[in-house]
Amino acid sequence: MSQNRQECDIFAKIESEEFEKELDEFLNEFRPDIVLFSMAGYIHFNHINRYILKKTKNFENSLAYNIKTIEDIFSSDSTLRKREFSFCGVSACLFYFDGMVNVELINESVIKPLVRAKVKIEQDKRAKFVKDKLLFASEVGLSSIISDAVSSIMYGDTLLLLEDSHIAIKIN
């Protein structure tokens, strides 16, 4: 049996009633309809991942912290891709799953418009301005809730995190 499959079996072999209760509460709060696997295999939500999603429900204004949070949640999934770049003096990071998104489309409708922009973006309105004025994707949404952003990535969206912003941009 593969390591990923063994990690996934944690859901079938719950060892304590307390853990089962915590896991049920977590999954109900997170999104009960989530499929817990990706293109390369199962994503395992170990104690650290569950803790992160339960205790840190919202993004923070620290790009480094938000990047680490997403990386920690998907630490066992080798198909998660991260691309860091900057535009208009703002550091940013994209997350997406390899094989679930069109990378050329990301380059054309997300990265190019951002790096070519020559505007000053106010810190307190950064995510909304980028969403409304700079991105050319068909569906773009905002979220400050980590579990919502994680759900979007798992469904094939691209996540854009910005420096000094507690709001993530979800791009379909």
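Here we summarise the structure given alongside this text. (Residues numbered from 1 in each chain as written. Predicted model: local features only at pLDDT ≥ 70, side-chain atom pairs only at ≥ 80, totals over all residues. Heavy atoms only, no water.)

## Points about the nonpolar core
Note that soluble globular proteins tend to have their nonpolar side chains buried in a common cluster.
Next up, step 1: Grouped together as the largest cluster of nonpolar side chains are 22 residues, with contacts concentrated most on Phe85, Phe87, Leu114, Val130, Leu160, Leu162 and Ile169.
Next up, step 2: Broken down by secondary-structure element, the contributors of at least two residues to this core are β3 (80-87), β4 (90-97), α5 (103-116), α6 (126-134), β6 (158-162) and β7 (168-171).
Next up, step 3: Dropping the residues within four chain positions of it, leucine 160 is found in contact with Phe85, Ala92, Cys93, Leu94, Leu114, Val130, Ala168, Ile169 and Ile171.
Next up, step 4: By size, the runner-up hydrophobic cluster in this structure holds 18 residues, among which are Phe59, Phe95, Leu161 and Ala168. (Core = buried A, V, L, I, M, F, W, Y, C linked by side-chain atoms within 4.5 Å. Buried < 20%, exposed > 50% of the residue type's maximum accessible area, 1.4 Å probe, protein only. Helix = DSSP H or I, 4+ residues; strand = E, 2+ residues; numbered from the N terminus. Contact = heavy atoms within 4.5 Å.)

## Overview of the pattern of salt bridges
Where charged atoms from two side chains of opposite charge approach closely, those side chains can pair.
Next up, step 1: Within the structure shown, the criterion is met by 9 salt bridges.
Next up, step 2: Lysine 68 is the salt-bridge partner of aspartate 72, the closest N and O atoms lying 2.9 Å from each other. In this pair, aspartate 72 and lysine 68 are both assigned in helix α4 (residues 63-73), 4 residues apart and thus about one turn of the helix distant.
Next up, step 3: What makes lysine 68 partly exposed here is its relative accessible area of 48%.
Next up, step 4: Of the charged contacts in the structure, one is a salt bridge between aspartate 132 and lysine 128, with a shortest N-O distance of 2.6 Å. You can see aspartate 132 and its partner lysine 128 sitting in helix α6, 4 residues apart, about one turn around the helix. (Salt bridge = Lys/Arg side-chain N within 4 Å of Asp/Glu carboxyl O.)

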